[in-house]
Number of protein chains: 2
Amino acid sequence: MNTIYGMKSSGNCYKVQLLLEILAGPYRWVEVNSAAGETRTPEYLAKNPNGKVPLLETEEGKYLPESNAILCYLASDTNLFPKDKWLQANILQWLFFEQYSHEPYVAVARFIKKYLPEDHARHADLPRLLERGYQALAVMEKHLAGQEYLVESGFSIADIALFAYTHDAAIGGFDLSRYPHLQNWLQRVRLQTGFVAQEN
Amino acid sequence: MNTIYGMKSSGNCYKVQLLLEILAGPYRWVEVNSAAGETRTPEYLAKNPNGKVPLLETEEGKYLPESNAILCYLASDTNLFPKDKWLQANILQWLFFEQYSHEPYVAVARFIKKYLPEDHARHADLPRLLERGYQALAVMEKHLAGQEYLVESGFSIADIALFAYTHDAAIGGFDLSRYPHLQNWLQRVRLQTGFVAQEN
């Protein structure tokens, strides 16, 4: 059975939880509190030298970090990550978009507003994070005006990856009412069989 | 024939150039100067709504953004991106690591030092960028102490992706002499048939 080391309140970890619940297969979840330094212990760094969650441990005891690589691996024999070369490239495009153009702004704004005291210096970053985050959300809105899911073949791990930090972007100060197509897409993801809401 | 819209002085674009030169197939390169606003024109945004380079246009006129998704697509029938599920997951892990834990620090430090005047406010970011960039380089050094390439099967698109912003990290202020295994790995990449140095 696969084991996931993760922190359910982290969107990057929730992605993996959401996929596993939708796939409805057995898995073991080990909650690791990165905020309390549990990803920086010698034992954890031996498993993942980059000291981050989530981390997959396979039944054979092999380790795989990086949330979106874990999604690809776990979904690789399912219709959530189809074999077609062009579809795979398009799914990967959204996964890289998520980690490069979306998460560093939408997730970091959420982190600052949710976890840091109001007088913390990083609140000064919020205007820039909101500007860049809105750019990413606008790219999604424009794309979702033309299709139901991020990739034309249907619901995929691209939707799972982007859902994770979009569904509660309001916590970071983003006004999602500007984006009706994106809101409809969020609802379509919530209606997937096996869907589970994120724990706080 | 595939067309690449890119700016050769950008590491994200150089990745794609390097792969195409190593694959030795025909391609067309359209130089796009993002620093001069050429990725924000209506014409370019119609091709890539995220307004970034590189961008692949296939022979059939389909578009694919995101440098690492382009690498996966172009290498998908070659031994630079083997079909084995676990190897693919490991290559993807390094590609996501590159975009999430390496590029935002190593490449951004290079950008600030190379392109922004010395009195520009963003120079204040450099200490944090160096700290995080060194963390990423240390993860690579530790891994490369045990194997010749990032993935055990041999040279792959993971090496191409990580080479792009590591080979000239010194421009951003990183001292690579701390990392002998990483330096040997850089040299192994330079010795690949078809290797081409990055244009400035």
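Residues numbered from 1 in each chain as written. Chains lettered and ligands numbered in written order. Predicted model: local features only at pLDDT ≥ 70, side-chain atom pairs only at ≥ 80, totals over all residues.

> Quick rundown of the overall build of chain A? Include the residues and the values.
If you tally the helices and strands in chain A, you get seven helices and four strands. When the helices and strands of chain A are placed in sequence order, the string is β-α-β-α-β-β-α-α-α-α-α. Whereas a compact globule of 200 residues would reach a radius of gyration of roughly 16 Å, chain A reaches 17 Å, a difference of no more than 12%. Overall, chain A is about 45 × 45 × 25 Å in size when its C-alpha atoms are taken along their principal axes. (Helix = DSSP H or I, 4+ residues; strand = E, 2+ residues; numbered from the N terminus. Rg over C-alpha atoms; globule rule 2.2 N^0.38 Å.)

> Break down the sheet that holds strand β3 (residues 55-57) of chain B for me, citing the residues and quoting the values.
In any sheet, the strands associate via hydrogen bonds between backbone groups, in a parallel or an antiparallel arrangement. Residues and elements named next belong to chain B. Strand order in this open sheet of four strands is β2-β1-β3-β4, and the pairing throughout is mixed. On the outer flanks of this sheet lie β2 (27-31) and β4 (63-65), each paired with one strand and no other. In this sheet, neighbouring strand axes are inclined to one another by 20° on average, regardless of whether the strands run parallel or antiparallel. In this structure, β3 lies alongside β4, joined through three bridges in antiparallel fashion. For Leu55, the partnering residue across the bridge sits in β4 and is Pro65. (Pairing = 2+ DSSP bridges. Axes fitted to C-alpha atoms, helices over the stretch in contact; angles between N-to-C directions.)

> Pulling in residues and values, what's your account of the relation of the copies chain B and chain A?
With an RMSD of 0.0 Å, the fit of chain B onto chain A corresponds to turning through 180° and sliding 0.0 Å along the axis. Both copies of the chain, as the preceding transformation shows, are related through a two-fold rotation axis. Taken as a fraction of all interface residues of chain B, those also at the interface in chain A reach 100%, which identifies the copy contact as same-surface. (Least-squares fit on C-alpha atoms with pLDDT ≥ 70 in both. Contact = placed C-beta atoms within 7 Å.)

> Summarise the interface of chain B and chain A; cite the residues concerned and give the values.
With 23 residues of chain B at the contact, the number on the chain A side is 23 residues. Residue assignment for the side of chain B that touches chain A shows that the elements contributing at least two residues are β4, α3 (67-74), α4 (85-115) and α5 (126-144) of chain B. Per element, the largest residue contribution to the side of chain B that touches chain A is ten residues, and it comes from α4(B).

> An account of the environment of B:Ile157 is requested, with residue identities and associated values reported.
Residue and element names in this part refer to chain B. Take Ile157: it is sitting in helix α6 (residues 157-166). Assessed through the 27 C-beta atoms surrounding it within 10 Å, Ile157 is described here as buried. The spacing of Ile157 and Leu18 is 139 residues in sequence and 9.8 Å in space, taken between C-alpha atoms. In contact with Ile157, not counting residues within four places along its chain, are Leu19, Leu71, Cys72, Ala75, Leu80, Phe81 and Ile91. (Buried ≥ 20, exposed ≤ 12 C-beta atoms within 10 Å, placed from the backbone.)

> Help me get a handle on the sheet that holds strand β4 (residues 63-65) of chain A, residues and values and all.
Residue and element names in this part refer to chain A. Here four strands make up an open sheet; going across it, the order is β2-β1-β3-β4 and the pairing mixed. What marks the edges here is a single partner per strand, and that holds for β2 (27-31) and β4. Neighbour to neighbour, the strand axes of the sheet diverge by 20° on average, direction disregarded.

> A description of unusual backbone geometry should follow, citing residues and the corresponding values.
Residues and elements named next belong to chain A. Looking along the chain, the bond that leaves Val53 and enters Pro54 is cis, with omega of 0°. Along the chain, Pro54 falls in the loop between α2 (42-47) and β3 (55-57). One non-glycine residue, Ala24, adopts positive backbone phi at about 60°. Among the secondary structure elements, Ala24 is positioned in the loop between α1 (11-23) and β2. Since 8 C-beta atoms lie within 10 Å of it, Ala24 is described here as exposed.

> An account of the nonpolar core is requested, with residue identities and associated values reported.
Membership of the largest hydrophobic core comes to 113 residues, with the highest contact counts inside it found for A:Leu19, A:Leu71, A:Ile157, B:Leu19, B:Leu71 and B:Ile157. Top element by residues in this core is helix α4 (residues 85-115) of chain A. It accounts for 13 residues. Not counting chain neighbours up to four residues away, the residues in contact with B:Leu19 comprise B:Leu71, B:Leu74, B:Ala75, B:Ile157 and B:Ile160. (Core = buried A, V, L, I, M, F, W, Y, C linked by C-beta atoms within 7 Å.)

> With reference to specific residues and values, describe the domain arrangement of chain A.
All names here are of chain A. You can read the domains of chain A as domain 1 (2-74) and domain 2 (85-190). Measuring from the centre of the C-alpha atoms in domain 1 to the corresponding centre in domain 2 gives 21 Å. Domain 1 puts nine residues into the contact, and the matching count from domain 2 is nine residues. Mapped by element, the contributors of at least two residues to the side of domain 1 that touches domain 2 are α1 and α3 (67-74). Looking at the side of domain 1 that touches domain 2 element by element, the count peaks at six residues for α1. Partitioning the side of domain 1 that touches domain 2 into residue classes produces five nonpolar, three polar and one charged. (Domains from an automatic or database assignment. Nonpolar A, V, L, I, M, F, W, Y, C, P; charged D, E, K, R; others polar.)

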